[in-house]
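Read off the chains here:
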Amino acid sequence: MTQTVAVLGTGKIGEALLSGMIRGGWPASKLLVTARRTERAEELRTRYGVEAVSNAEAAKRADTLILTVKPQDMAKLLDELAPHVPADRLVISGAAGVPTAFFEERLAPGTPVVRVMTNTPALVDEAMSVISAGSHATAAHLAHTEEIFGSVGKTLRVPESQQDAATALSGSGPAYFYFLVEAMTDAGILLGLPRAQAHDLIVQAAIGAAVMLRDSGEHPVKLREAVTSPAGTTINAIVELEKHGVRAALIAALEAARDRSRELASGNS
Ligand SMILES: NC(=O)C1=CN([C@@H]2O[C@H](COP(=O)(O)OP(=O)(O)OC[C@H]3O[C@@H](n4cnc5c(N)ncnc54)[C@H](O)[C@@H]3O)[C@@H](O)[C@H]2O)C=CC1
Ligand SMILES: O=C(O)[C@@H]1CCC=N1
């Protein structure tokens, strides 16, 4: 029998996951949601046919609780939940930075906790969800988490010590690509193209490059070399990227994201 899963704090990530589970065939009758505002609860109920309940009710009724509030709201949510969560419930956190120990300290002794860092491409079933077990989570809990997050894309198990790095790479990753597309579209404007056309050209180049990266089995260096003709156009652009330190900027940017994830560990910074 399908277990009941509750998504608590159903914002952008919670809704992306919920919608993916429903697209993947999860029965709406086995899904519960919670939201802070009643209008939001009503919206989710209407849009997905799921029941919206209080956090305490979700804790009592669901076998698996997926907590998708902001890291800064996690301590408050756990204070509210802790008296209602029996120790046999699986608690999955989708929050950046917050370690499984944070949950284990606040929930009944022995409660299994799994930490997941997913990303917004969950909305189009192309998420990357990185999964780590807390100290009481078993292989079955990890498999169940993979089943849930597998409905919105790929999953990968990593040791929890790698979660902050994964957050910097794949959790925040889509934002870096949107930022690049934004900048390259501006370049198209500078070169005299209409904005809509510049956008379409860059987006299709990004999709083509992404599919080749995923499907060709070639190293990115090889793929770039194939575009870069001797005394051609691409090398002029690459020289400018190197001159402006784009490679170093990306490394520093991801390091900064990793550091911020570490800072969020306390759940209140
Ligand atoms: N946005 C993203 O790209 C990603 C976000 N995350 C993580 O997902 C979590 C949620 O992020 P978003 O969905 O972007 O934020 P969001 O602000 O869209 O969603 C959080 C929701 O939680 C609700 N909430 C807060 N406290 C609550 C409570 N006590 N009871 C019920 N509802 C409550 C808020 O009203 C809000 O709707 C964060 O922890 C973030 O680190 C992880 C991966 C990617
Ligand atoms: O910016 C953030 O904190 C969240 C976590 C990863 C992506 N968005």
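Residues numbered from 1 in each chain as written. Chains lettered and ligands numbered in written order. Predicted model: local features only at pLDDT ≥ 70, side-chain atom pairs only at ≥ 80, totals over all residues.

K.L.:
Lay out the sheet that holds strand S5 (residues 90-93) with the relevant residues and their values.
P.N.:
The 8 strands lie next to each other as S3-S2-S1-S4-S5-S6-S7-S8, forming an open sheet whose pairing is mixed. Each of the sheet's edge strands pairs with one partner strand only, and the pair in question is strand S3 (51-52) and strand S8 (153-157). Note: strand S1 (residues 5-8) against strand S4 (residues 64-67), 4 bridges, orientation parallel. Bridge pairing in S4 places Leu8 opposite Leu67. (Pairing = 2+ DSSP bridges. Helix = DSSP H or I, 4+ residues; strand = E, 2+ residues; numbered from the N terminus.)

K.L.:
Let's hear about the UniProt feature "domain: Pyrroline-5-carboxylate reductase catalytic N-terminal" (unreviewed entry) in the protein chain: which residues, and what values?
P.N.:
UniProt marks residues 4-97 with the feature "domain: Pyrroline-5-carboxylate reductase catalytic N-terminal" (unreviewed entry), using the numbering shown here. Along residues 4-97 the backbone is 44% helical and 19% strand, and the end-to-end C-alpha distance reaches 26 Å. (UniProt positions renumbered as here; feature names shortened; annotations may be inferred.)

K.L.:
An account of the nonpolar core is requested, with residue identities and associated values reported.
P.N.:
Ala6, Val33, Leu65 and Leu67 are the most contacted members of the largest nonpolar core, which has 52 residues in total. Sort the elements by how many residues they give to this core and helix H1 (residues 12-23) lands first, with 5 residues. Leu67 has contacts with Leu8, Gly9, Met74, Leu77, Val91, Ile92, Ser93, Gly94 and Ala95, leaving out every residue within four places of it along the chain. (Core = buried A, V, L, I, M, F, W, Y, C linked by C-beta atoms within 7 Å. Buried ≥ 20, exposed ≤ 12 C-beta atoms within 10 Å, placed from the backbone. Contact = placed C-beta atoms within 7 Å.)

K.L.:
Give me the lowdown on the confidence of the model for the protein chain, citing residues and values where you can.
P.N.:
Of the residues in the protein chain, 100% reach a pLDDT of 70 or more, and the chain-wide mean stands at 97. Predicted complex metrics record ipTM = 0.99 and pTM = 0.97. (pLDDT = per-residue confidence, 0-100.)

K.L.:
So what about the environment of Thr2? Which residues, and what values?
P.N.:
Topologically, Thr2 is positioned in the segment before S1. Given 11 C-beta atoms within 10 Å, Thr2 falls into the exposed group. Apart from the residues lying within four places of it in its own chain, the contact partners of Thr2 are Pro27 and Lys30.

K.L.:
Lay out the pairing of strand S6 (residues 113-117) in plain terms, naming residues and giving numbers.
P.N.:
Of all 5 residues making up S6, 5 are buried, and the element is well covered by its neighbours. Sheet analysis places S5 next to S6, joined by 3 bridges and oriented parallel. Pairing of Ser93 across the sheet is with Arg115, part of S6. The β-α-β motif built from S5, the intervening helix H5 (residues 100-106) and the parallel element S6 has right-handed crossover chirality. Across 4 bridges, the pairing between S6 and strand S7 (residues 127-133) is antiparallel. Within the sheet, the bridge partner assigned to Arg115 lies in S7 and is Ser132. (Right-handed = clockwise from strand over helix to strand, strands pointing away.)

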